[in-house]
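# Understanding the architecture of this molecule
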Amino acid sequence: MKAVIFESLDNMVVKENFPDPKLPEDGFILKVESVAICGSDVRIFHRGHTNVKPPHIIGHEVAGTVYKVGEKTTEFKEGERVVLGADVPCGKCFYCLRGHQNNCTNLISFGYQLQGGFAQFMAVPREAINAKIVQKIPEHLSFDEACLTEPLACVVNGQELSKIHSGDTVVIIGAGPIGLMHAMLARAKGAIKIILSEIAEKRLEMAKKFDIDVLIDANREDPLEAVLRETEGLGADVVIVAAPSGDAQAQAIYMARNLGSVNFFGGLPPNTKEIPINTNRIHYKEVFVHGSHGSSPKDNALALKFIASGQVQVGKLITHILPLDKINEGLNLVETREALKVILKPW
Ligand SMILES: [Zn+2]
Ligand SMILES: [Zn+2]
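Everything quoted here is computed from the prediction, not taken from an experiment.

## Points about the overall build of the chain
Within the chain, the secondary structure is distributed over twelve helices and 17 strands. Against the globule reference of 20 Å for 347 residues, the chain gives a C-alpha radius of gyration of 20 Å, in line with a compact fold. Principal-axis analysis of the C-alpha atoms gives the chain an extent of 60 × 40 × 40 Å. A buried classification covers 54% of the 347 residues belonging to the chain. The contacts in the chain between residues at least 6 apart in sequence include a share of 69% that link residues at least 24 apart. By element, 52% of the accessible surface of the chain is carried by carbon and sulfur atoms, the whole surface being about 15,600 Å².

## Here we look at the coordination of the zinc ion (ligand 2)
Geometrically, a metal with four donors at the corners of a regular tetrahedron has ideal angles of 109.5 degrees, and one with six donors at the corners of a regular octahedron has ideal angles of 90 or 180 degrees. Those donors, Cys90 (SG), Cys93 (SG), Cys96 (SG) and Cys104 (SG), are the protein atoms that reach the zinc ion (ligand 2), and they lie 2.3 to 2.4 Å from it. Of note is the zinc ion (ligand 2), whose four donor atoms meet at the metal with angles of 102 to 115 degrees in an arrangement that counts as tetrahedral. Sequence positions of the residues that donate to the zinc ion (ligand 2) give the spacing C-x2-C-x2-C-x7-C. The class for cysteine 90 is partly exposed, based on a relative accessible area of 26%. A relative accessible area of 10% places cysteine 93 in the buried class.

## Re the coordination of the zinc ion (ligand 1)
Donor atoms from the polypeptide that coordinate the zinc ion (ligand 1) comprise Cys38 (SG), His60 (NE2) and Glu61 (OE), at 2.1 to 2.4 Å from the metal. All donors of the zinc ion (ligand 1) come from a single chain, and their spacing in sequence reads C-x21-H-E. Taken together, the residues span a long stretch of sequence, with cysteine 38 in the loop between strand S3 (28-36) and helix H1 (39-47) and glutamate 61 in strand S4 (residues 61-69) at a distance of 23 residues. For the residue pair cysteine 38 and glutamate 61, the accessibility class agrees, reading buried in each case.

## Examining the domain arrangement of the chain
With domains assigned, the chain is organised as domain 1 (3-147 + 313-345) and domain 2 (155-291). Of note, the centres of domain 1 and domain 2, computed from C-alpha atoms alone, are 29 Å apart. Each partner contributes to the interface: domain 1 provides 14 residues, whereas domain 2 provides 16 residues. Between domain 1 and domain 2, roughly 1,200 Å² of surface is buried when both sides are summed, and carbon and sulfur atoms account for 64% of that area. Looking only at domain 1, the three residues that lose the most surface to domain 2 are Leu317, Arg337 and Leu340, adding up to 49% of its buried area. Where domain 1 touches domain 2, the interface holds one salt bridge. On the surface where domain 1 and domain 2 come into contact, there are three residue pairs in polar contact (both at pLDDT 80 or more). Broken down by class, the residue content of the side of domain 1 that touches domain 2 amounts to five nonpolar, four polar and five charged.

## So, unusual backbone geometry
Note the cis peptide between proline 54 and proline 55, where omega equals 0 degrees. On the secondary structure map, proline 55 appears in the loop between H1 and S4. Positive phi is not limited to glycine here, since glutamate 286 has a value of about 55 degrees. Looking at where glutamate 286 falls in the secondary structure, it is placed in the loop between helix H10 (279-285) and strand S15 (288-291). Relative accessible area serves as the criterion here: at 46%, glutamate 286 is assigned to the partly exposed category.

## Focus: the pattern of salt bridges
Using the criterion set out here, one finds 17 salt bridges in the structure. Glutamate 230 serves as the salt-bridge partner of arginine 229, at 3.7 Å between the closest nitrogen and oxygen. The network of salt bridges with common partners includes Lys193, Glu221, Arg229 and Glu230.

## Remarks on the environment of lysine 15
Along the chain, the position of lysine 15 falls in strand S2 (residues 11-15). By relative accessible area, which is 32% here, lysine 15 ends up partly exposed. Taking the C-alpha atoms as reference points, lysine 15 and alanine 3, twelve residues apart in sequence, are found 5.4 Å from one another. If we ignore the near neighbours within four places in the chain, the residues touching lysine 15 are Met1, Lys2, Ala3, Ile5 and Glu7. A polar contact of 3.0 Å, which involves the side chain of lysine 15, links it to the side chain of glutamate 7.

## As for the packing of aromatic side chains
Under the definition given, this model contains four aromatic pairs. A connected cluster of aromatic rings, assembled from ring pairs, spans Tyr67, Phe121 and Trp347. In this arrangement the basic side chain of lysine 31 is found over the ring face of tryptophan 347, its NZ or CZ atom lying 4.9 Å from the centre. Positioned over the ring face of phenylalanine 210 is lysine 316, at 4.9 Å from the centre of the ring.

Criteria and cut-off values
Residues numbered from 1 in each chain as written. Chains lettered and ligands numbered in written order. Predicted model: local features only at pLDDT ≥ 70, side-chain atom pairs only at ≥ 80, totals over all residues. Heavy atoms only, no water. Helix = DSSP H or I, 4+ residues; strand = E, 2+ residues; numbered from the N terminus. Rg over C-alpha atoms; globule rule 2.2 N^0.38 Å. Buried < 20%, exposed > 50% of the residue type's maximum accessible area, 1.4 Å probe, protein only. Contact = heavy atoms within 4.5 Å. Areas by Shrake-Rupley, 256 points an atom, 1.4 Å probe, with all protein chains shown as cover. Donors = N, O, S within 2.8 Å, 3.2 Å for Na, K, Ca; no water. Tetrahedral: all angles 85-135°; square planar, octahedral: opposite > 155°, others 65-115°. Domains from an automatic or database assignment. Buried area = accessible area lost by both parts, 1.4 Å probe. Salt bridge = Lys/Arg side-chain N within 4 Å of Asp/Glu carboxyl O. Polar contact = N/O pair within 3.5 Å; in protein donor to acceptor, adjacent residues only side chain to side chain. Nonpolar A, V, L, I, M, F, W, Y, C, P; charged D, E, K, R; others polar. Phe/Tyr/Trp six-rings, centres within 6.5 Å; stacked < 30°, edge-to-face > 60°. Lys NZ or Arg CZ within 6 Å of the ring centre and 35° of its normal.

Shown next, in the form of structure tokens:
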């Protein structure tokens, strides 16, 4: 098969005759139709990851067709269109049993320990089927839209923790694809005012096509002042930091109203120095500060429903569709923020 091999740091190689994956007798082989590039793919490309051992095939936002089923597989038939979640939880540990499978202590993921989707075929093991992260795609949905279920599932998990209520004012810092997904989902959940702050000019321009009430150009105006102005000095109900910035995290604490919440959704680069946070602000204002990462099977199920119902129009995020061979161009488009979502087509 054709596959992109992450050979070593900064080295992605397209191979035309890479060996096909072995059919698991209780799983199936997926023919990859659409795979989206995630910001984390760019980070792995440059910096590697403890759970990725090169040479390896990465990519974890995948939709495709069931190509060959194993003898013992009864849940899926050849020709069915499916989308994968990225994380395969064990189903048995403390967190799995509590329904927080994204915190599974035995987690394995497509594109990390398992082969990813930057290839024509992938083996889908029994564990993924059992974990219910393989979902059938509704007929009216394209593969390109469906493969964005995985990142949206992470956003669904994040907003579950942020507890957005109808009528809320929500501040989102960062207008990348994740920040824009947060904006669309918050709207679907009934947020009445969505304020989006961004520093990159290209992204501010692209954000104009989305349903945002107040777009803050963080180069021209202090985002905190703008948020206070837009909330009658109170601050927002919910603040979501969808940017890898410690300064934005520290400032977000001041953007939340009393009893509001702050979600550190975006992680910071490894070896970032610790961020000074005003804990007295949290204390006296009774602000809830939390993080979120990854997604559980239930979040994937809900994400697909939000996409299928048209309430979260992920198709608006797709700025580039490229053949798999153009992986390096795609990574560059994501890294330079020229693109929102880049979809690769292996066929
Ligand atoms: Zn991702
Ligand atoms: Zn587990």
